[in-house]
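The chain contents come next:
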Amino acid sequence: MISKLIKRRDTRESYIRSKLSVLLPAQIRYLRLRREMKQVELGAEADMKQARISVLERIGEVSFSIETLIKLASALRVGLVVKFVSMSEMLAWENSFMPDEFDVVPVEKDLAFIHGSVQAES
């Protein structure tokens with residue numbers, strides 16, 4: 001598998017797509033549940049129908065646009081980071097994702113953000 005990932009662009013695309021099609025829906029669902037929101041409530045906040053939220057939370061069902069992710073992040077009151085990383089970092093992200101422990105502080109409780117005490121990475 002590793003040699004195919006090294007040699008073939010289509011294999012890399014499939015690999016990346018498969019990881020994101022699991023991790024993004026899981027994050028959306030767990031953040032919504034942590035906030036005790038119904039799909040219809042998240043949909044209203046994100047200016048989407050409940051059926052769209054349902055599809056976005058299903059593993060492997062949909063590809064995401066950046067605009068959709070921005071709407072969801074805003075509705076969930078969190079930030080969004082989209083960055084290019086090494087394949088090993090992507091695998092580490094997948095392996096470290098613990099749905100039961102996943103939570104992101106909403107903006108109104110993010111004291112570092114509120115007080116401007118965020119430091120730039122070096």
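The rules behind these values
- Residues numbered from 1 in each chain as written.
- Predicted model: local features only at pLDDT ≥ 70, side-chain atom pairs only at ≥ 80, totals over all residues.
- Heavy atoms only, no water.
- Helix = DSSP H or I, 4+ residues; strand = E, 2+ residues; numbered from the N terminus.
- Contact = heavy atoms within 4.5 Å.
- Buried < 20%, exposed > 50% of the residue type's maximum accessible area, 1.4 Å probe, protein only.
- Arc of directions from axis to C-beta.
- Phe/Tyr/Trp six-rings, centres within 6.5 Å; stacked < 30°, edge-to-face > 60°.
- pLDDT = per-residue confidence, 0-100.
- Polar contact = N/O pair within 3.5 Å; in protein donor to acceptor, adjacent residues only side chain to side chain.
- Salt bridge = Lys/Arg side-chain N within 4 Å of Asp/Glu carboxyl O.
- Core = buried A, V, L, I, M, F, W, Y, C linked by side-chain atoms within 4.5 Å.

Engineer: Would you mind going over the overall build of the protein with me for this structure?
Structural biologist: If you tally the helices and strands in the protein, you get seven helices and zero strands. Listing the helices and strands of the protein from first to last along the sequence gives α-α-α-α-α-α-α. By principal-axis analysis of the C-alpha atoms, the protein measures approximately 45 × 40 × 25 Å. The contacts in the protein between residues at least 6 apart in sequence include a share of 63% that link residues at least 24 apart.

Engineer: Just to check I follow, could you spell out helix α3 (residues 39-46) for this structure?
Structural biologist: For an α-helix, the turn length of 3.6 residues means that residues three or four places apart are oriented alike. For α3, every residue scored as buried is listed here: Q39, L42, G43 and A46. Taken around the axis of α3, the buried residues stretch over an arc of 105°, which confines them to a single face. Seen from the open side of α3, the exposed residues pointing more than 90 degrees away from its buried face are A44 and E45. Tucked into the core, α3 has its buried residues touching α2 (9-34), α4 (50-56) and α5 (66-76). At the C-terminal side of α3, D47 shows a positive phi close to 60°.

Engineer: Explain the packing of aromatic side chains to me, please; I cannot follow it from the model alone.
Structural biologist: Scanning the entire structure with this criterion turns up one aromatic pair. Note on F97 and F102: the rings are 5.2 Å apart at their centroids and 55° apart in plane angle, and the pair reads as tilted. Assigned by exposure class, F97 and F102 land together as buried.

Engineer: For this particular structure, what's the right way to read the confidence of the model for the protein?
Structural biologist: Close inspection of predicted coordinates is inappropriate in any region flagged by low pLDDT. Summary statistics for the protein give a mean pLDDT of 91 and a share of 98% for residues scoring 70 or more. No element of the protein has a lower mean pLDDT than helix α1 (residues 2-7), which averages 88, and none a higher one than α3, which averages 98.

Engineer: What is the right way to read the side chain of R35 from this model?
Structural biologist: Within the element layout of this structure, R35 appears in the loop between α2 and α3. A polar contact of 3.4 Å, which involves the side chain of R35, links it to the side chain of D103. Ignoring sequence-local partners within four residues, the contact set of R35 consists of L76, V78, D103, V104, V105 and P106.

Engineer: How should I be thinking about the pattern of salt bridges in this particular structure?
Structural biologist: It is possible for side chains bearing opposite charge to pair when their charged atoms get close. Counted by the stated rule, this structure contains nine salt bridges. R8 is the salt-bridge partner of D10, the closest N and O atoms lying 2.7 Å from each other. Residue classification places D10 among the partly exposed positions, given a relative accessible area of 38%. Taking the relative accessible area as the measure of exposure, R8 reaches 43% and is therefore partly exposed. Of the charged contacts, one joins E89 and K83 as a salt bridge, the two residues approaching to 3.6 Å between their closest N and O atoms. Taking relative accessible area as the criterion, E89 reaches 38% and is therefore assigned partly exposed. Connected through salt bridges with shared partners, the residues R29, R32 and E57 form a single ionic network.

Engineer: Can you help me understand the nonpolar core in this one?
Structural biologist: What tends to happen in soluble globular proteins is that the nonpolar side chains get buried as a cluster. Of all hydrophobic cores here, the largest spans 20 residues; its most connected members are L42, L56 and L72. Contributing elements (two or more residues each) for this core: α2, α3, α4 and α5. Once you skip the residues sitting within four places of it in the chain, L42 turns out to touch I28, R32, M37, I53, L72, A75 and L76.

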